[in-house]
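# Overview (structure and organization)
These are the residues of each chain, in order.
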Amino acid sequence: MPADWNSLSDEMQLALSREAMRRAADTLAEHAELLAAEMEQGTLRDQGGPDALRLFAIVVRTTNRDTFGTIGHA
């Protein structure tokens, strides 16, 4: 039976929240990279976007890593 969020300790809630944010940031970065590749392949119209999207992906990942650090597996 799954644990109720409110029954988890503050530390566990924080750890799970951080992991969720890390995964969300990684998903955003992956989507930016996929969009960049689609533009490069000509599937989407390129207006200088691939480099900007890759920069965004790097910033998301770097900021996320520096902010939350590694906490293990959720």
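Structure: see above.
Residues numbered from 1 in each chain as written. Predicted model: local features only at pLDDT ≥ 70, side-chain atom pairs only at ≥ 80, totals over all residues. Heavy atoms only, no water.

### Remarks on the overall build of the protein chain
- On a plain count of helices and strands, the protein chain comes out with 2 helices and 0 strands.
- Looking at the protein chain residue by residue over its 74 residues, the buried ones come to 18%.
- In the protein chain, 53% of the contacts between residues at least 6 apart in sequence involve partners at least 24 apart.
- For the protein chain, the exposed area adds up to about 5,700 Å²; of that, 57% sits on carbon and sulfur atoms. (Helix = DSSP H or I, 4+ residues; strand = E, 2+ residues; numbered from the N terminus. Buried < 20%, exposed > 50% of the residue type's maximum accessible area, 1.4 Å probe, protein only. Contact = heavy atoms within 4.5 Å. Areas by Shrake-Rupley, 256 points an atom, 1.4 Å probe, with all protein chains shown as cover.)

### Some points on the nonpolar core
- Core analysis: the biggest nonpolar cluster contains 8 residues, these being Ala25, Ala29, Ala32, Ala36, Met39, Leu53, Ala57 and Val60.
- Going through the elements one at a time, helix 1 (10-41) and helix 2 (49-68) are the ones with two or more residues in this core.
- Ranked by residue count, the leading element in this core is helix 1, at 5 residues.
- Contacts of Ala29, omitting those with residues within four sequence positions, involve Ala57, Val60 and Arg61. (Core = buried A, V, L, I, M, F, W, Y, C linked by side-chain atoms within 4.5 Å.)

### Here we look at the environment of Glu19
- Relative to the assigned elements, Glu19 resides in helix 1.
- Within the structure, Glu19 has its side chain in polar contact with the side chain of Arg23 (distance 2.8 Å). (Polar contact = N/O pair within 3.5 Å; in protein donor to acceptor, adjacent residues only side chain to side chain.)

### Some words on the side chain of Gln13
- As for its position among the elements, Gln13 is in helix 1.
- The buried category is assigned to Gln13, whose relative accessible area is 17%.
- Here the side chain of Gln13 touches Leu8 through a polar contact of 3.5 Å, landing on its backbone oxygen.
- What Gln13 contacts, discounting residues up to four positions off in sequence, is Trp5, Asn6 and Leu8.

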